[in-house]
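In case you want the letters, here they are:
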Amino acid sequence: MRFAYVNILWFLFTMAGVIILGIYPATTAMFSVMREWLRGNSDVPVFHTFWSYYKKDFWKSNHLGIYTSIIFLVIGIDLFYIQSEASKLMTWTHIPIFACILFFIFLLFYLFPVFAHYDLPVRSIYKQAFFIMLISPIQIIMMVICLVAFSIISFIFPALAFIFGLSFYSFITSWLASSSFKRLEAN
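What you are looking at is a predicted structure, and each value in this text was computed from that prediction instead of being measured.

Engineer: If you had to explain the environment of L21 to someone new, which residues and values would you point to?
Structural biologist: Secondary-structure assignment places L21 in the loop between α1 (2-16) and α2 (23-38). Residues L21 and W10 lie eleven residues apart in sequence; the distance between their C-alpha atoms is 13 Å. Not counting the four nearest positions on each side in its chain, L21 is found in contact with Y54, F58 and N62.

Right, here's the structure in full:
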């Protein structure tokens, strides 16, 4: 029930921020709630915790969102370019574009958990997420396996994606990222 509640809070706070200004603070608040749960604080009041992180990190998460949205825009333009050349065969020039897209997806797996775990400036969040992504290929593989499995289950039972989708994604990525953080901090 808590996962569904966090999912609903994410949706409501995203809408309250008129989508553009709400999506990144709601997402970072969701990851911060998951971090609290993973640290053993499962009895924290969900709404109060979500709301406090949403308020606290509103501007910082939107700053992070500007960079992330620019990267999404560039990827969208690249995909549009590839789509417009769909009649041609895929050439070797498309390989770097797809590699960059995959690389960015893997970076996103760590971006929000790093935001929730460390108190860093926005540019350092990207650097830290990039560094942790590079040294944690096993966790990335596990994230992909878990998320693909959940996607298949959600395809069979679409209501699960609607009820638990983002909160499950944030829990899995936070859980696996936390093992990377512990290993990094131990060294």
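Engineer: Describe in detail helix α8 (residues 158-186), supporting the description with residues and values.
Structural biologist: The end-to-end C-alpha distance of α8, which contains 29 residues, comes to 40 Å, matching closely the 42 Å that a straight helix rising 1.5 Å per residue would cover. At F164, α8 is deflected by roughly 65°, the largest bend along its length. Within the span of α8, buried status applies to G165, S167, S170, I172, T173, S174, L176, A177, S178, S180 and F181.

Engineer: How would you explain the packing of aromatic side chains if you had to name every residue and give the values?
Structural biologist: Inspection of the entire model under this criterion finds 19 aromatic pairs. With centroids separated by 6.3 Å and ring planes inclined at 20°, the aromatic side chains of Y24 and F112 adopt a geometry described as stacked. Of this pair, Y24 sits in helix α2 while F112 sits in helix α5 (residues 94-117), and the two are 88 residues apart along the sequence. Given the relative accessible area of 12%, Y24 is considered buried. One aromatic cluster is present, formed by F13, F47, F50, W51, Y54, F58 and W59 through successive ring pairs. It is K60 that lies over the ring of F115; its NZ or CZ is 5.2 Å from the centre.

Rules used throughout
- Residues numbered from 1 in each chain as written.
- Predicted model: local features only at pLDDT ≥ 70, side-chain atom pairs only at ≥ 80, totals over all residues.
- Heavy atoms only, no water.
- Helix = DSSP H or I, 4+ residues; strand = E, 2+ residues; numbered from the N terminus.
- Contact = heavy atoms within 4.5 Å.
- Expected span 1.5 Å × (residues − 1).
- Bend = angle between axes of the 7 residues up to and from the residue.
- Buried < 20%, exposed > 50% of the residue type's maximum accessible area, 1.4 Å probe, protein only.
- Phe/Tyr/Trp six-rings, centres within 6.5 Å; stacked < 30°, edge-to-face > 60°.
- Lys NZ or Arg CZ within 6 Å of the ring centre and 35° of its normal.

That's the geometry; what it means functionally is another story.
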